Amino acid sequence: MQTTFTDTQMRDPAIQRSNEILRSCVHCGFCTATCPTYQVLGDELDSPRGRIYLIKDMLENDRDPDAKTVKHIDRCLSCLACMTTCPSGVHYMHLVDHAREYIDQRYKRPFTDRALRWMLARILPYPMRFRVALLGAKIGRPFARFMPDVRLRAMLEMAPKLIPPVSRNDDPQSFAAVGPKRKRVALMTGCAQKALNTDINDATIRLLTRLGAEVVVAEGAGCCGALTHHMGKTDESHASAAKNIRAWCREMDGDGLDAIVINTSGCGTTVKDYGHMFRNDPLAADAARVSAIARDVSEVLMDLEQEAPARGTASVIPEGMVVAYHAACSLQHGQQIKTFPKDLLKKAGFTVVEPADSHLCCGSAGTYNLMQPEISGQLKARKLRTLEAKNPDVIAAGNIGCMMQIGSAASVPVVHTVELLDWASGGPKPAAFTDVNRRDPAIPRLR
């Protein structure tokens, strides 16, 4: 694709990067075949190719974004299925991230939009604030139908019936390896996940230590910055990311780290991109160091499983238990990890099935299900149909957002992959299996 940026514009590193991406696009349209919003809406401007044209026009002309451009950029899930499909290697993620930052800086949204985005940015990355908000949403949920804004209704309906108690395992500390130590890893405990489902980090710690890894929860680490990053709020997202970079580098420079383990794939995609995000920042070298050892939990488990001695314990899982594996977009497209979770589940003794169109997003996408609830709802319904068509005993995913989205209407338990692996190797049975038939079907089946 030909571009016409001026020399002055090209002095901006962000424009330089976007120019590289735009020029790599040959507008072939392969991306439209795997774009969820194009599948649902059928509008060319709601496809990656259409959005690329809108972004190109906006950036080249150095114009303030108009409502039409903002609408179609906002409708993008950032699922990155287009990047998996693209034969030309167009790095759409960096382009749309730049567009969102540009929009945040130069477009004045309606008051309700600004208020909602401000509220999400001030609550979701902070676990205790989020817990208080969830309690308020739980109280207000019976009145959700009276809310004038569909987005407010979506926020009230998102609240789980049960809010788990704080897990002290998420506090800064170190967990010793069981047996000979084979790795020393830092666990990113996250933000929203610590409020929504504490079982995931607990299961991750048990599983990693059982396989010979010392697990460190680093002092000062917290939200990865993804939620605000995808809103275009660069200063806020970089502030969160910088805290993590400094916290993990202290561990790397101290007793050392073999990996930074991330069990929420949306966060993992962002942490692995810290090197790019901070490329022109004084923290560039440290950010690159962090990105270089950031790993999804499935990657680390594959390494540990390959090195681990054979275990002779009898399986505790029911014979023939069928797991429908939901591939989170941030894992299969953002990190290009497609087989590891399934391989681990099969090795543990589960029967693993996949839904039709497994490449399509469930509609969660960070805050997307709160900001674009109508489109998100259509994608959720499609995903549930394809998952439940496999008649699974349980649905497994590697991302808390997907678990909340699918679990809000699933007829079977929805758990994190590590919960099943922990159970199969001696840990407790996932709490989602308890009294599942007596649960309100409108509530995520997480605890």
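Residues numbered from 1 in each chain as written. Predicted model: local features only at pLDDT ≥ 70, side-chain atom pairs only at ≥ 80, totals over all residues. Heavy atoms only, no water.

- As annotated in an unreviewed UniProt entry, the protein carries the name Glycolate oxidase iron-sulfur subunit and comes from Sulfitobacter geojensis.
- Its UniProt record gives the protein a comment under Function (unreviewed entry), which states: "Component of a complex that catalyzes the oxidation of glycolate to glyoxylate." (UniProt positions renumbered as here; feature names shortened; annotations may be inferred.)

Notes on helix α1 (residues 13–24)
Part 1 of the argument: Here α1 contains 12 residues, and its C-alpha end-to-end distance of 17 Å stays within 8% of the 16 Å for a straight helix at 1.5 Å per residue.
Part 2 of the argument: When we look at burial in α1, the residues that qualify are Ala14, Ile15, Ser18, Asn19, Ile21 and Leu22. Buried residues of α1, seen end-on, are gathered within an arc of 165 degrees and therefore sit on one face of the element.
Part 3 of the argument: In this fold, the buried residues of α1 make contact with α3 (48–60) and α6 (92–106).
Part 4 of the argument: Of the residues that open α1, the one with a side-chain oxygen 2.9 Å from the backbone nitrogen of Ala14 is Asp12. (Helix = DSSP H or I, 4+ residues; strand = E, 2+ residues; numbered from the N terminus. Expected span 1.5 Å × (residues − 1). Buried < 20%, exposed > 50% of the residue type's maximum accessible area, 1.4 Å probe, protein only. Arc of directions from axis to C-beta. Contact = heavy atoms within 4.5 Å. Polar contact = N/O pair within 3.5 Å; in protein donor to acceptor, adjacent residues only side chain to side chain.)

Brief notes about the pairing of strand β6 (residues 322–325)
Part 1 of the argument: Of the two faces of β6, the one holding Val322 and Ala324 and the one holding Val323 and Tyr325 are both buried throughout.
Part 2 of the argument: Strand direction decides the pairing type here: β6 and strand β7 (residues 351–353), joined by 3 bridges, are parallel. Counterpart to Val323 in the pairing with β7 is Val352.
Part 3 of the argument: When β6 meets strand β8 (residues 394–397), the two strands line up parallel, connected through 3 bridges. Bridge pairing in β8 links Tyr325 to Ala396. (Pairing = 2+ DSSP bridges.)

As for the packing of aromatic side chains
Part 1 of the argument: Going through the model one piece at a time under the given rule, you end up with 3 aromatic pairs.
Part 2 of the argument: Ring geometry for Tyr274 versus Phe278: centroids 6.2 Å apart, planes at 70 degrees, classification edge-to-face. Of the two residues, Tyr274 and Phe278, both sit in the buried class.
Part 3 of the argument: Taking the centre distance of 6.4 Å and the plane angle of 45 degrees together, the rings of Phe350 and Trp423 count as tilted. (Phe/Tyr/Trp six-rings, centres within 6.5 Å; stacked < 30°, edge-to-face > 60°.)

As for the pattern of salt bridges
Part 1 of the argument: Overall, the coordinates contain 27 salt bridges when judged by the stated rule.
Part 2 of the argument: With its nearest N and O atoms 3.1 Å apart, the salt bridge here joins Glu20 to Arg17. With a gap of 3 residues between them, Glu20 and Arg17 both fall in helix α1, about one helical turn apart.
Part 3 of the argument: Note that Arg184 is salt-bridged to Glu251, the shortest N-O span being 3.0 Å. Of this pair, Arg184 sits in strand β2 (residues 183–188) while Glu251 sits in helix α13 (residues 234–253), and the two are 67 residues apart along the sequence.
Part 4 of the argument: Residue class for Arg184 comes out buried when judged on its relative accessible area of 9%. (Salt bridge = Lys/Arg side-chain N within 4 Å of Asp/Glu carboxyl O.)

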